[in-house]
Amino acid sequence: MENYSIQTRCLQAGYRPGNGEPRQVPIVQSTTFKYDTSEDMGKLFDLEASGYFYTRLANPTNDHVAAKIANLEGGTAAVLTSSGQAASFYSIFNIASCGDHIVCSTAIYGGTYNLFAVTMKRMGIDFTFVSPHCTDEELDAAFQPNTKAVFGETIANPALVVFDIERFAKAAHAHGVPLIVDNTFATPILCRPFEHGADIVTHSTTKYMDGHGASVGGCVVDSGRFDWTKYPDKYPGLCTPDASYHGITYTERFGLGGAYITKAVAQLMRDFGAIQSPQNAYLINLGLESLHLRMQRHSENGLKVAQFLNGHEQIAWVRYPGLPGDPGYALAQKLLPDGCCGVVSFGVRGGRQAAEAFMKGLKLASIATHVADAKTCCLHPASSTHRQMSDEELHAAGVSPDLVRLSAGIEAAEDIIQDIRQALALMNTQA
Ligand SMILES: Cc1ncc(COP(=O)(O)O)c(C=O)c1O
């Protein structure tokens with residue numbers, strides 16, 4: 001499969017049916033799996049044999065789809081989770097526990113920020129948030145002796161800041177820790193963070209991978225390149241015997257390519273059970289089969305929308321990293337040469353009320369908290385997801401009251417732009 005282009009692998013990687021087997025990934029809708037002897041099953045419990053015994057830990061449908069995502073990202077192993085939030089949580093909790101510390105970019109999805117800054121902090125894991133534009137000195141100063149990882153988002157939701165993966169990977173490695181990158185908005189079609197030095201990738205598969213607003217899910221992928229065994233004191237969970245699995249040591253038994261994901265399945269799936277349902281995995285696989293075509297169209301439409309908005313008299317500002325002049329443009333040319341996805345953030349002149357009026361006028365774009373979908377959708381955070389915040393609080397969170405996030409779908413670009421045009425014109429007639 002590796003010799004085929006990523007377009008072909010979107011269709012064919014992860015599942016190769018044998019003679020007479022179903023062509024489409026079968027949905028194994030079974031909680032449990034039957035064995036002839038207790039010894040056979042015992043080998044699975046001891047991680048001595050690979051196989052399935054209970055869908056809270058693993059399921060064949062999920063594994064086919066995870067293998068496809070691992071292949072697209074250029075990783076060695078992957079696991080599907082019940083949501084993107086679960087993927088972010090697992091990616092860190094697999095290597096950090098109470099008393100540990102993580103360095104994280106400030107330009108990340110708000111839900112991830114809350115998970116880290118509030119919920120995981122309550123578990124005793126501390127986060128230092130650094131601007132993605134910080135100096136090398138500021139970044140260096142964020143590390144502590146108990147730092148276990150660095151986290152960032154390739155294209156940040158909704159700030160649309162491009163994350164300098166190479167720079168952050170270099171800093172992480174200089175401090176002997178891995179870089180984890182949430183690659184949700186870019187998808188492996190537009191950016192493969194492992195090629196730029198990242199060690200672990202996470203996804204909300206709910207977004208472009210599914211692409212049709214049908215199923216919530218997540219994924220964690222390992223590059224297999226971070227050498228945990230160089231830091232056995234820092235990563236004892238991977239480098240010393242696991243008493244809950246009869247003393248196996250993950251790095252010894254599964255090597256660098258398999259240790260991290262096997263541990264995530266054996267411990268975190270076993271104990272938290274945030275596994276994706278096989279039905280959702282099947283739906284995500286359908287989305288993956290057209291991901292390469294959709295990402296191309298999303299990116300074309302996103303750029304056309306950004307170009308239309310840029311300089312429009314009723315628009316105060318536009319953020320889209322594919323737009324010349326955008327602060328992320330130069331970095332996007334390097335990391336995202338094939339496009340910058342369909343999400344565009346912009347400010348409507350007149351602030352919060354003007355943005356609300358604009359949203360009311362939309363006819364084709366649906367108002368939805370969702371993003372990265374085949375159908376164009378639009379969100380005004382100040383009057384919806386962030387409505388409890390004052391203007392001052394919104395500014396502090398990096399979400400200005402006039403900010404509208406438009407997720408360009410794969411409809412005809414002219415129709416999306418015409419919808420925006422008429423909604424802006426309607427505001428003038430009503431003013
Ligand atoms: C970049 C990013 N990461 C993670 C998540 C969380 O994903 P989910 O909603 O699937 O839990 C989201 C959700 O919007 C997101 O945009």
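Numbers given for residues are sequential positions, taken from 1 along each chain in its written order. Local features in this predicted model are restricted to residues of pLDDT 70 or higher, and side-chain atom pairs are both shown and tallied only at a pLDDT of 80 or more, whereas totals for entire chains, interfaces and linings draw on every residue. Excluding hydrogens and water, the side-chain figures rest on all heavy atoms present in the structure.

## Side note on the overall build of the protein
Filter applied, for reference: Numbered from the N terminus, helices here are DSSP runs of H or I no shorter than four residues, and strands are runs of E no shorter than two. Partly exposed residues are those whose accessible area sits between 20% and 50% of the maximum for their type, while under 20% is buried and over 50% is exposed, using a 1.4 Å probe and protein chains only. For this analysis, residues touch if any pair of their heavy atoms sits within 4.5 Å. His residues and chain termini do not enter the charge count, which takes Lys and Arg as positive and Asp and Glu as negative. Every charge is mapped to an atom, namely NZ of Lys, CZ of Arg, CG of Asp or CD of Glu.
The number of helices and strands found in the protein is 16 helices and 12 strands. Burial statistics for the protein: of 431 residues in total, 55% are counted as buried. The contacts of the protein with a sequence gap of at least 6 include a subset with a gap of at least 24, amounting to 73%. Once the 33 positive and 43 negative side-chain charges of the protein are each reduced to a mean point, those two points are 3 Å apart.

## With respect to the side chain of Ser223
So the rule is basically this: For this analysis, a polar contact is any N or O atom pair within 3.5 Å, provided that within protein one partner can donate a hydrogen and the other can accept it, and provided that sequence-adjacent residues contribute only side-chain to side-chain pairs.
For Ser223, the location among the structural elements is in the loop between strand S7 (218–222) and helix H9 (236–239). For Ser223, the side chain forms a polar contact with the main-chain oxygen of Asp199, separated by 2.9 Å. Side-chain polar atoms of Ser223 contact the backbone nitrogen of Arg225, separated by 3.1 Å. Filtering out sequence-adjacent residues up to four positions away, Ser223 remains in contact with Gly75, Thr76, Phe194, Ala198 and Asp199.

## What about the nonpolar core?
Note the cut-off: Residue types Ala, Val, Leu, Ile, Met, Phe, Trp, Tyr and Cys, when buried and joined through side-chain atoms within 4.5 Å, form a set referred to as a nonpolar core. Residue ranges labeled as domains rest on an automatic or database domain assignment.
In terms of nonpolar packing, the biggest core is built from 123 residues, with Leu179, Leu336, Phe346 and Phe358 touching the most fellow members. Mapped onto the domain boundaries, this core takes at least three residues apiece from domain 1 (10–287) and domain 2 (292–430). Non-local contacts of Phe358, meaning those with residues more than four positions away in its chain, are made with Phe346, Val348, Cys378, Val404, Ile420, Ala423, Leu424 and Met427.

## Remarks on the sheet that holds strand S8 (residues 315–319)
Cut-off, in case you're wondering: Strand pairing requires that DSSP identify at least two bridges connecting the strands. As a rule, the C-alpha atoms of each element are fitted with a line to give its axis, helices using only the stretch in contact, and angles between N-to-C directions run from 0 to 180 degrees.
In spatial order, the strands read S8-S9-S12-S11-S10; together these five strands make up an open sheet with mixed pairing. Looking at the sheet topology across the chains shown, the edges are occupied by S8 and strand S10 (366–367). Alignment of S10 against strand S11 (residues 377–379), held across two bridges, turns out to be parallel. Within the sheet, the bridge partner assigned to Ile367 lies in S11 and is Cys378. The sheet contacts of helix H12 (residues 291–309) involve S8, strand S9 (343–348) and strand S12 (403–407), and relative to S9 the element is tilted by about 15 degrees.

## Considering the site of the ligand
For the record, the criterion: Whether a residue is near a molecule or strand depends on its heavy atoms: it is near if one of them lies within 4 Å of it. Surface exposure here means Shrake-Rupley accessible area, sampled with a 1.4 Å probe, where a residue is shielded only by the protein chains that are shown.
For the ligand, the set of nearby residues contains 13 residues, the closest of which are Asn157, Asp182, Ser204, Thr206 and Lys207. One of the side-chain N or O atoms of Asp182 is found 2.6 Å from a nitrogen atom in the ligand. In the model, an oxygen atom of the ligand is placed 2.6 Å from a nitrogen or oxygen of the Thr206 side chain. Protein chains bury 90% of the 390 Å² of accessible surface belonging to the ligand in isolation.

## Overview of the domain arrangement of the protein
Note the cut-off: Accessible area, probed at 1.4 Å, shrinks when two parts are joined; the buried area is that loss added up over both. Here a salt bridge means any side-chain nitrogen of Lys or Arg lying within 4 Å of a carboxyl oxygen belonging to Asp or Glu. Think of it as three bins: nonpolar holds Ala, Val, Leu, Ile, Met, Phe, Trp, Tyr, Cys and Pro, charged holds Asp, Glu, Lys and Arg, and polar takes everything else, Gly as well.
The assigned domain composition of the protein is domain 1 (10–287) and domain 2 (292–430). In this structure, domain 1 and domain 2 have C-alpha centres spaced 30 Å apart. Each partner contributes to the interface: domain 1 provides 29 residues, whereas domain 2 provides 29 residues. Regarding the contact of domain 1 and domain 2, the summed buried area is about 2500 Å², with carbon and sulfur atoms giving 66% of it. For domain 1, the biggest contributors to the area lost against domain 2 are Leu160, Leu190 and Tyr208; these three give 31% of the whole. The salt bridge involving Glu166 is made with Lys334; its shortest N-O contact spans 3.4 Å. Remark: the boundary between domain 1 and domain 2 carries 10 residue pairs in polar contact (both at pLDDT 80 or more). Looking at the side of domain 1 that touches domain 2 element by element, the count peaks at three residues for helix H8 (residues 187–190). Within the side of domain 1 that touches domain 2, the residues separate by chemical class into 17 nonpolar, eight polar and four charged.

## So, the packing of helix H14 (residues 351–361) against helix H16 (residues 413–430)
Just so we agree on the cut-off: Angles are sorted into four bins: roughly parallel if under 35 degrees, roughly antiparallel if over 145, roughly perpendicular if 65 to 115, and oblique for all others. By convention, the crossing between two helices is left-handed when the near helix turns anticlockwise from the far helix through less than a right angle, and right-handed when the turn is clockwise.
Packing of H14 against H16 brings their axes to within 8 Å, and their N-to-C directions diverge by 125 degrees. What the angle tells us is that H14 and H16 run oblique. The element H14 and its partner H16 pack so that their crossing is right-handed. For the pair formed by H14 and H16, the contact residues are Ala354, Ala357, Phe358 and Gly361 on the first element and Ile420, Gln422, Ala423, Leu424, Leu426 and Met427 on the second.

## Considerations on the sheet that holds S7
Read across the open sheet, the seven strands follow the order S1-S7-S6-S5-S4-S2-S3; overall the sheet is mixed. Only two strands of the sheet have a single partner each, and these edge strands are strand S1 (77–81) and strand S3 (126–130). Pairs of neighbouring strands in the sheet enclose a mean axial angle of 20 degrees, with direction left out of account. Pairing of strand S6 (residues 200–204) with S7, which is carried by five bridges, proceeds in the antiparallel orientation. By the bridge assignment, Val201 is partnered in S7 with Val221. On top of the sheet, helix H3 (residues 60–73) reaches S1, S6 and S7; it is set at about 125 degrees to S1, its chief contact.

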